[in-house]
Amino acid sequence: MSTAYAGPCSDAIDTMQARIDAKLEAKAAAGPTAKQGVAAGMSVQPTPASIAAAEEKLDEISPKKVKAIRRGMARARVADKVGDLRSCRKALAAVQRVLGP
């Protein structure tokens, strides 16, 4: 049996990811619709990344914001992995600024 390592910022990362996912889902529900892709008929469930990509194509979220959020979350995860709580919090704060209220 193996144990999973939870860094000092893991809970905050999970919380931020949930905020991102909720914001994407809310935008998807409120925004315009697009034609279904091929994968839609194959019982493939959408992921937050695929929803973000579709919204980016519909100009609901700018490519710049998507890239900034992805970079910030990646920085937070790296900082968490090495135990750097300060850097993790800083990266998550940057993501929150891009994400907005």
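Per chain, the residues get numbers from 1 upward, laid out in the order the sequence is written. It should be noted that, the model being predicted, local features are given only for residues of pLDDT at least 70 and side-chain atom pairs only at 80 or more, the latter also being counted only at that level, while totals for whole chains, interfaces and linings use all residues. Side-chain descriptors were evaluated using all non-hydrogen atoms of the structure, hydrogens and water having been removed beforehand.

**Q** What is the right way to read helix H1 (residues 10-30) from this model?
**A** In an α-helix, one turn spans 3.6 residues; hence positions three or four apart end up facing the same way. Put simply, DSSP H or I for four residues or longer makes a helix, DSSP E for two residues or longer makes a strand, and each gets a number counted from the N terminus. Here the expected length of a helix is defined as 1.5 Å per residue gap, with one fewer gap than residues. Over its 21 residues, H1 extends 30 Å from the first C-alpha to the last, a length consistent with the 30 Å expected when each residue adds 1.5 Å. Residues Ser10, Ile13, Met16, Ile20, Asp21 and Leu24 constitute the buried set of H1. Along the long axis of H1, the arc covered by the buried residues comes to 140 degrees, so they all point the same way. More than 90 degrees from the buried face of H1, the exposed residues found are Asp11, Ala29 and Ala30. Throughout, exposure labels follow a simple rule: accessible area from a 1.4 Å probe, protein chains only, divided by the maximum for the residue type, with under 20% read as buried, over 50% as exposed, and the rest as partly exposed. This arc is taken over the directions from the axis of the helix to the C-beta atoms.

**Q** Teacher, can you tell me more about the nonpolar core here?
**A** Proteins that are soluble and globular tend to have nonpolar side chains buried together. By convention a nonpolar core is built from buried Ala, Val, Leu, Ile, Met, Phe, Trp, Tyr and Cys residues, the set being connected through side-chain atoms within 4.5 Å. Of all hydrophobic cores here, the largest spans 16 residues; its most connected members are Ile13, Met16, Ile20, Met73, Cys88 and Leu92. Those elements that place two or more of their residues in this core are H1, helix H3 (63-81) and helix H4 (85-99). With sequence-adjacent residues up to four places away left out, Met73 is seen in contact with Ile13, Met16, Gln17, Ile20, Leu92 and Val95. In what follows, residue pairs with any heavy atoms lying within 4.5 Å of each other are defined as contacts.

**Q** What's the story with the state of the cysteines in this structure? I'm lost.
**A** Covalently bonding the sulfur atom of one cysteine to the sulfur atom of another cysteine gives a disulfide. Two cysteine sulfur atoms make up a disulfide if the distance between them is within 2.5 Å. With the rule as written, the count across this model stands at one disulfide. Disulfide pairing is shown between Cys9 and Cys88; the S-S distance is 2.1 Å. Residues Cys9 and Cys88 are joined through a disulfide that is left-handed, its torsion about the S-S bond being -85 degrees. On the criterion of sequence distance, the pair formed by Cys9 in the segment before H1 and Cys88 in helix H4 is long-range, its members being 79 residues apart. Here the two residues Cys9 and Cys88 agree in accessibility, since each one is buried.

**Q** Explanation requested: the packing of H3 against H4 in the structure shown.
**A** Helix-helix packing: each pair is described by the crossing angle between the helix axes and the interaxial distance. Interhelical geometry of H3 versus H4 gives an angle of 165 degrees and a closest axis separation of 8 Å. By the angle between their axes, H3 is roughly antiparallel relative to H4. Of the two elements, H3 crosses H4, and the hand of that crossing is left-handed. Contacts from Lys65, Ala68, Ile69, Gly72, Met73, Arg75, Ala76, Ala79 and Asp80 in H3 reach Ser87, Cys88, Ala91, Leu92, Ala94, Val95, Val98 and Leu99 in H4. Residues are grouped as follows: Ala, Val, Leu, Ile, Met, Phe, Trp, Tyr, Cys and Pro are nonpolar; Asp, Glu, Lys and Arg are charged; all remaining types, including Gly, are polar. Looking at side-chain class alone, the contact of H3 with H4 contains twelve nonpolar, two polar and three charged residues. Structural elements are reduced to axes, namely lines fitted to C-alpha atoms, with helices fitted over the stretch in contact, and the angle between N-to-C directions of any two is expressed from 0 to 180 degrees. Just so you know how the angles are binned, under 35 degrees is roughly parallel, over 145 roughly antiparallel, 65 to 115 roughly perpendicular, and the rest oblique. In this scheme the handedness of a crossing depends on how the near helix is turned from the far one: anticlockwise by less than a right angle means left-handed, clockwise means right-handed.

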